[in-house]
Amino acid sequence: MVDIIPSSEEPIKITITLPTNAYFLSGIRDFTLAMTKNMTGFSDQWAFRFQSVVDELCNNAIEHGSAPGKEVKITFVSHPHESLEIVVEDTGTGPNKYTAAQIVELLAKQKQLVQNQYLGLRGRGLAKIVSEWTDELIFEDLPEGGLRVRVKKYLKPESNLPPSPTNAPSASIPLAV
């Protein structure tokens, strides 16, 4: 299901509900890339980064937060030429579900470990992809169960420049956790 609320002055909000099946993630990746390139003002490079952020958040929701046969909800809110917000919600029915407090603690540990050692191929997405490529990262427990992860990136002049030592994303981006 896709809900689109277009308006020239209002933010553009798109909500997509997916079954908990990784098969559908390629479509979300493609949608994220096209939407970011065409509706936000972010560069192609940032569109590819958002694609990775959404992929990581959706994979986590499918793997940990929503049981097979349940759903994951992804909401994109574009404030054209200002910011892009992405919200991913799971149902809290998954085999390895986390609360917001547990995720905040896990993220702090991952960020510390990532700085000091190689974590392998798994378990570093929140610390290395999501937190480094967003300006805000918020975890919320949903009243009906489940977890909401909200990320936001503000469009700044350096968001559209190619990476260099002076404008590459870094772990020093302030986060609201």
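Coordinates for the structure precede this section.
Residues numbered from 1 in each chain as written. Predicted model: local features only at pLDDT ≥ 70, side-chain atom pairs only at ≥ 80, totals over all residues. Heavy atoms only, no water.

1. Section: the overall build of the chain
- Within the chain, the regular secondary structure consists of four helices and six strands.
- The buried share of the chain, reckoned over its 177 residues, is 41%.
- Considering only contacts within the chain whose residues lie at least 6 apart along the sequence, 64% involve residues at least 24 apart.
- Of the roughly 9,400 Å² of accessible surface on the chain, 55% is carried by carbon and sulfur atoms. (Helix = DSSP H or I, 4+ residues; strand = E, 2+ residues; numbered from the N terminus. Buried < 20%, exposed > 50% of the residue type's maximum accessible area, 1.4 Å probe, protein only. Contact = heavy atoms within 4.5 Å. Areas by Shrake-Rupley, 256 points an atom, 1.4 Å probe, with all protein chains shown as cover.)

2. Here's the deal with the environment of Phe-48
- By secondary structure assignment, the location of Phe-48 is in helix α2 (residues 44-65).
- With 16 residues separating them in the primary sequence, Phe-48 and Thr-32 have C-alpha atoms 8.4 Å apart.
- Not counting the four nearest positions on each side in its chain, Phe-48 is found in contact with Leu-33 and Lys-37.

3. Looking at the environment of Ser-78
- Locating Ser-78 in the fold gives a position in strand β3 (residues 71-79).
- For the pair Ser-78 and Lys-152, spaced 74 residues apart in sequence, the C-alpha separation works out to 9.8 Å.
- Other than its neighbours up to four places away in sequence, Ser-78 contacts Pro-11, Ile-12, Met-39, Thr-40, Ser-83 and Leu-84.
- Within the structure, the side chain of Ser-78 is placed 3.1 Å from the backbone oxygen of Met-39, a separation counted as a polar contact. (Polar contact = N/O pair within 3.5 Å; in protein donor to acceptor, adjacent residues only side chain to side chain.)

4. As for the side chain of Ser-83
- Relative to the helices and strands, Ser-83 resides in strand β4 (residues 83-89).
- According to the relative accessible area criterion, Ser-83 is buried, its value standing at 3%.
- In this structure Ser-83 touches Phe-42, Val-77, Ser-78, Lys-152, Lys-153, Tyr-154 and Leu-155, once residues within four positions along its chain are discounted.

5. What to know about the nonpolar core
- Ranked by size, the top nonpolar core spans 32 residues in total, and within it Leu-57, Ile-74, Ile-86, Val-88 and Phe-139 carry the most contacts.
- In terms of residue count, the dominant contributor to this core is α2 (eight residues).
- Residue contacts for Ile-74: discarding those within four places in its chain leaves Ile-14, Thr-15, Ile-16, Leu-18, Ile-28, Cys-58, Ile-86, Val-87 and Val-88. (Core = buried A, V, L, I, M, F, W, Y, C linked by side-chain atoms within 4.5 Å.)

6. Concerning the packing of aromatic side chains
- This structure, assessed with the given rule, holds four aromatic pairs.
- On the basis of an interplanar angle of 85 degrees and a centroid distance of 5.0 Å, the ring pair of Phe-42 and Phe-50 is categorised as edge-to-face.
- Judged by its relative accessible area of 2%, Phe-50 falls in the buried class.
- Clustering of aromatic rings is evident, with ring pairs tying together Phe-42, Trp-46 and Phe-50. (Phe/Tyr/Trp six-rings, centres within 6.5 Å; stacked < 30°, edge-to-face > 60°.)

7. Thoughts on the side chain of Thr-36
- Relative to the elements of secondary structure, Thr-36 occurs in helix α1 (residues 25-39).
- Excluding its chain neighbours within four sequence positions, the residues that come into contact with Thr-36 are Gly-41, Phe-42, Ala-47, Phe-50 and Leu-84.

8. Overview of the pairing of β4
- Across the seven residues of β4, seven count as buried, placing the element largely inside the fold.
- Burial along β4 is two-sided: the face carrying Ser-83, Glu-85, Val-87 and Glu-89 and the face carrying Leu-84, Ile-86 and Val-88 are both buried.
- Bridging between β3 and β4 involves seven bridges; their strand directions are antiparallel. Its bridge partner lying in β4, Ser-78 is registered against Leu-84.
- Connecting β3 to the next strand, β4, in antiparallel fashion are three residues, including His-81 with a positive phi near 65 degrees.
- For β4 and strand β6 (residues 147-154), the ladder comprises seven bridges, and the chain directions are antiparallel. For Val-87, the partnering residue across the bridge sits in β6 and is Arg-150. (Pairing = 2+ DSSP bridges.)

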